[in-house]
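# An overview of the molecular structure
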Amino acid sequence: LSNLTSVTALDATHNRLKTLPRTVGQLARLKALYLSHNEMDSLPPSLSICSALSLLHLSQNRLRVLPGEVVGGLTALKELCLSDNELQCLPE
């Protein structure tokens, strides 16, 4: 992913992704990330570097925790979809 620096949208829905590579943080122009219908149970801290990200779809995964340090870095985030996960709490 590190070579895809001009990508503004990435759709990886309906796969069997368990994790995202740490290099996702190098997608500086990424505005929309669709990761619904996967098997992810965590998010890499490097996702917080995607400062242009305004839309993040994570529904129907296996997330139990939404790390505040990841979401807190996404200052342009306008839409966050988390339905059908295993979340026990949300960050403050």
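Reference entry: report on the structure contained in this document. (Residues numbered from 1 in each chain as written. Predicted model: local features only at pLDDT ≥ 70, side-chain atom pairs only at ≥ 80, totals over all residues. Heavy atoms only, no water.)

## Examining the sheet that holds strand β2 (residues 32-34)
- Overall, parallel pairing links the four strands, which are arranged β1-β2-β3-β4 in an open sheet. Edge positions in the open sheet fall to β1 (9-11) and β4 (79-81), since each of these has one partner strand only. Sheet twist, expressed as the average angle between the axes of neighbouring strands with direction ignored, equals 5°.
- Bridge count between β2 and strand β3 (residues 55-57): three bridges; the pairing is parallel. Counterpart to Ala32 in the pairing with β3 is Leu55. (Pairing = 2+ DSSP bridges. Helix = DSSP H or I, 4+ residues; strand = E, 2+ residues; numbered from the N terminus. Axes fitted to C-alpha atoms, helices over the stretch in contact; angles between N-to-C directions.)

## Considering the pattern of salt bridges
- Counting across every chain of the model gives one salt bridge.
- The salt bridge involving Glu86 is made with Arg64; its shortest N-O contact spans 3.1 Å. In this pair, Glu86 sits in the segment after β4 while Arg64 sits in the loop between β3 and α1 (68-71), placing the two residues 22 residues apart along the sequence.
- A relative accessible area of 37% means that Glu86 is categorised as partly exposed. (Salt bridge = Lys/Arg side-chain N within 4 Å of Asp/Glu carboxyl O. Buried < 20%, exposed > 50% of the residue type's maximum accessible area, 1.4 Å probe, protein only.)

## Section: the side chain of His57
- Within the fold, His57 resides in strand β3.
- You can call His57 buried: its relative accessible area is 18%.
- Of note is the side chain of His57, whose polar atom sits 2.9 Å from the side chain of Glu79.
- Discounting residues that sit within four places of it in the chain, His57 has contacts with Leu33, Tyr34, Leu35, Ser36, Glu79 and Cys81. (Polar contact = N/O pair within 3.5 Å; in protein donor to acceptor, adjacent residues only side chain to side chain. Contact = heavy atoms within 4.5 Å.)

## Description of unusual backbone geometry
- Even without a glycine there, the phi angle at His14 is positive, about 55°.
- Relative to the assigned elements, His14 resides in the loop between β1 and β2.
- On the basis of relative accessibility, which here comes to 58%, the residue His14 falls in the exposed class.
- With a phi close to 55°, Gln60 is a non-glycine residue in the positive phi region.
- Along the chain, Gln60 turns up in the loop between β3 and α1.
- A relative accessible area of 33% means that Gln60 is categorised as partly exposed.

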